Amino acid sequence: MEPGEGAVEFMREITEGMTLEEVRELYRHMMRIPPDDAKVKRCATCNYYFRDKTRPGNAKVCGPSCKTVRKTEQKADQRARKPVEPKKPKKERRYDEAAWLAGIWRHEVPFDPGKLPYIQAARERYSRMGGRKKPIRKVDY
Ligand SMILES: [Zn+2]
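Here the structure is a predicted model, which means the values were calculated and not measured. Starting from 1, residues in each chain are numbered consecutively following that chain's sequence as written. Since the coordinates come from a predicted model, pLDDT governs what is reported: local features require at least 70, and pairs of side-chain atoms require 80 or more to be given and counted, while whole-chain, interface and lining totals use all residues.

## With respect to helix 1 (residues 5–14)
And step 1. Buried residues of helix 1: G6, A7 and F10, and no others. Along the axis of helix 1, the buried residues cluster in a sector spanning 100°; they form a single face. With C-beta atoms placed from the backbone, the exposure class of a residue follows from how many other C-beta atoms lie within 10 Å of its own: 20 or more, buried; 12 or fewer, exposed; in between, partly exposed. Helix numbering and strand numbering both begin at the N terminus, where a helix is a DSSP run of H or I of at least 4 residues and a strand a DSSP run of E of at least 2. The arc under discussion is defined with respect to the helix axis, by the directions toward the C-beta atoms.

Structure below.
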């Protein structure tokens, strides 16, 4: 697992100006004896050290990418633990056509005769220009 953003930032912070050998030595030391700073923790996802910058100090992961991984795992876990509900039986379909049509016609409102020319114009416009009110301007260069 790659170190997350917070872990990288933390290591960059504490190893600034050190040689590679010194950094190796420090890392080995940190693996043996964890730092006694309460705000320095190990990330729950990538397992690297990071500095907890939250005010209450309850961060579990070092950065947003680690958080995403952790949340994905948590969700998968929840989904696996949730009991599978039996599927609901489908509603019986209605095959009574007369009743179906009667149901539709009850809601159908006839067009307002005063609006018929506008409706006709809109249909024509749609068939000609695909519903645009303004025509596409083509500029010849
Ligand atoms: Zn991390």
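There is more to say after this.
## Things to note about unusual backbone geometry
The general pattern is negative phi for most residues beyond glycine and trans for most peptide bonds.
And step 1. At N47, a position not held by glycine, the phi torsion is positive, near 70°.
And step 2. On the basis of neighbour count, N47 is assigned to the partly exposed category, with 13 C-beta atoms found within 10 Å.

## Description of the nonpolar core
Across soluble globular proteins, you tend to see nonpolar side chains buried next to one another.
And step 1. As used throughout, a nonpolar core is a set of buried Ala, Val, Leu, Ile, Met, Phe, Trp, Tyr and Cys residues joined through C-beta atoms within 7 Å of each other. In terms of nonpolar packing, the biggest core is built from 10 residues, these being A7, F10, C43, C46, Y48, Y49, F50, V61, C62 and C66.
And step 2. Going through the elements one at a time, helix 1 and strand 2 (49–51) are the ones with two or more residues in this core.
And step 3. A residue pair is marked as a contact if its C-beta atoms, positioned from the backbone, fall within 7 Å. Other than its neighbours up to four places away in sequence, C43 contacts G4, G6, A7, Y48, F50, V61, C62 and C66.

## Some remarks on helix 5 (residues 116–129)
And step 1. In this model, helix 5 (14 residues) spans 20 Å end to end at C-alpha, consistent with the 20 Å of a helix rising 1.5 Å per residue.
And step 2. Following helix 5 by one or two positions, G130 has its phi on the positive side, about 70°. Given the number of residues in a helix, its expected span is that number minus one, multiplied by 1.5 Å.

## Some remarks on the environment of D52
And step 1. Relative to the helices and strands, D52 resides in the loop between strand 2 and helix 3 (64–81).
And step 2. We classify D52 as buried; it has 20 C-beta atoms within 10 Å.
And step 3. Between the C-alpha atoms of D52 and A38, which are 14 residues apart in sequence, the distance is 8.6 Å.
And step 4. When residues no more than four places from it in sequence are discounted, the contact partners of D52 are K39, K41, G57 and A59.

## As for the environment of V40
And step 1. Inspection of the secondary structure puts V40 in strand 1 (residues 40–42).
And step 2. For V40, the residues in contact, after removing those within four places along its chain, are P35, Y49 and R51.

## Observations regarding the confidence of the model for the protein
And step 1. In the predicted model, the protein carries a mean pLDDT of 86, and the fraction of residues at 70 or more is 99%.
And step 2. Each residue carries a pLDDT score, the predictor's confidence in it, ranging from 0 to 100. When pLDDT is averaged over each element of the protein, helix 3 comes out on top at 93 and helix 4 (residues 97–107) at the bottom at 78.

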